[in-house]
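What follows is the residue order along each chain.
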Amino acid sequence: MAMTQDEMKRKAAEAAMEYVVADSIVGVGTGSTVNHFIDCLADIKNKIEGAVSSSEASTKLLKAAGIEVFDTNHVSHIPVYIDGADESDHYLNLIKGGGGALTREKIIAGMSDKFVCIADESKLVDILGKFPLPVEVIPMARSYIARELVKLGGEPVWRENYLTDNGCDILDVHNLEIMQPIKLENTINAMPGVVTVGIFANRGADVLILGTPEGAKVVYPK
């Protein structure tokens, strides 16, 4: 029987458990693949100190599993951060933010010694950009930033009736071919009113675990 996408995500999540450091605080991301990881983490909750979380949704799941969630301001060291991605290239530059938690995800990735990305095999691409690039913006800057993104060749679409956990808007930018991820990340982040862009290239993943029909496959940056 063919393995479903959800089962592949589960395989990746299970494989990520090897990277969890005992008696430490684990960085936990957001999304469907991470939900599987939280399930796995619940089984070893007595072996970790707790977690920091990138979204209200993940915090709720972690607490329901009996895992203590710490405020990032009270944590000085995160050995490993486990999170999904909407796309990854072969250099482990990522697009993230389909679930709207990109800013908090970027903060925890920055705080962590190691960033382990978990995804199903469909997320690995040659060039980033087929997945619309999320940009979190302060509401008053939305139209201005949209015009600036058009100048870069993108087609921004406002994610209507949606606010991030930070109370901000998201523009999803279609039709980009992201050939220079670090350069584009820096360009968009420099625009006044941008909270952050969903390109994770300055701080990409250290390891990518892909769920495949044959099981979990570990990919290191090229």
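Please refer to the structure placed before this passage.
Right, let's walk through the structure included here. Because the structure is a prediction, the values reported are computed rather than measured.

### A word on the sheet that holds strand β8 (residues 155–158)
Across the sheet, which stays open at both edges, the four strands sit in the order β8-β9-β7-β10 with antiparallel pairing between neighbours. Each edge of the open sheet is held by one strand with a lone partner, namely β8 and β10 (194–197). Adjacent strand axes in the sheet meet at a mean angle of 25 degrees, parallel and antiparallel pairs treated alike. Judged from the three bridges that link them, strand β7 (residues 133–137) and β10 form a sheet pairing that is antiparallel. If you follow Val 137 over to β10, its bridge partner there is Val 194. The sheet contacts of helix α5 (residues 142–151) involve β7, β8, β9 (169–174) and β10, and relative to β9 the element is tilted by about 15 degrees. Its contacts with the sheet place helix α6 (residues 181–189) against β7 and β10, and it is angled at close to 170 degrees to β10.

### A few points about the sheet that holds strand β4 (residues 87–88)
Read across the sheet, three strands follow the order β4-β5-β11 without closing on themselves; strand pairing throughout is antiparallel. The open sheet has two free edges, formed respectively by β4 and β11 (199–200), since each of these has just one partner strand. As defined by bridge partners, β4 adjoins strand β5 (residues 94–95) across two bridges and the pair is classed as antiparallel. For Ser 88, the partnering residue across the bridge sits in β5 and is Leu 94.

### Points about the environment of Ile 138
Position of Ile 138 among the secondary structure elements: in the loop between β7 and α5. Classification of Ile 138 by relative accessible area gives partly exposed; the value is 40%. Taking the C-alpha atoms as reference, Ile 138 lies 9.3 Å from Asn 166; in sequence the two are 28 residues apart. Among all residues touching Ile 138, those that are not within four sequence positions of it are Cys 168, Gly 193 and Val 195.

### Details of α5
Burial in α5 covers these residues: Ile 145, Ala 146 and Leu 149. Seen along its axis, α5 keeps its buried residues to an arc of 105 degrees; they face one direction. Exposed residues lying more than 90 degrees from the buried face of α5 are Arg 147 and Lys 151. Those residues of α5 that are buried are in contact with β7, β8, β9, α6 and β10. Following α5 by one or two positions, Gly 153 adopts a phi angle in the positive range, close to 95 degrees.

About the criteria used
- Residues numbered from 1 in each chain as written.
- Predicted model: local features only at pLDDT ≥ 70, side-chain atom pairs only at ≥ 80, totals over all residues.
- Heavy atoms only, no water.
- Pairing = 2+ DSSP bridges.
- Helix = DSSP H or I, 4+ residues; strand = E, 2+ residues; numbered from the N terminus.
- Axes fitted to C-alpha atoms, helices over the stretch in contact; angles between N-to-C directions.
- Contact = heavy atoms within 4.5 Å.
- Buried < 20%, exposed > 50% of the residue type's maximum accessible area, 1.4 Å probe, protein only.
- Arc of directions from axis to C-beta.

As far as function goes, none of this settles anything; it's purely spatial.
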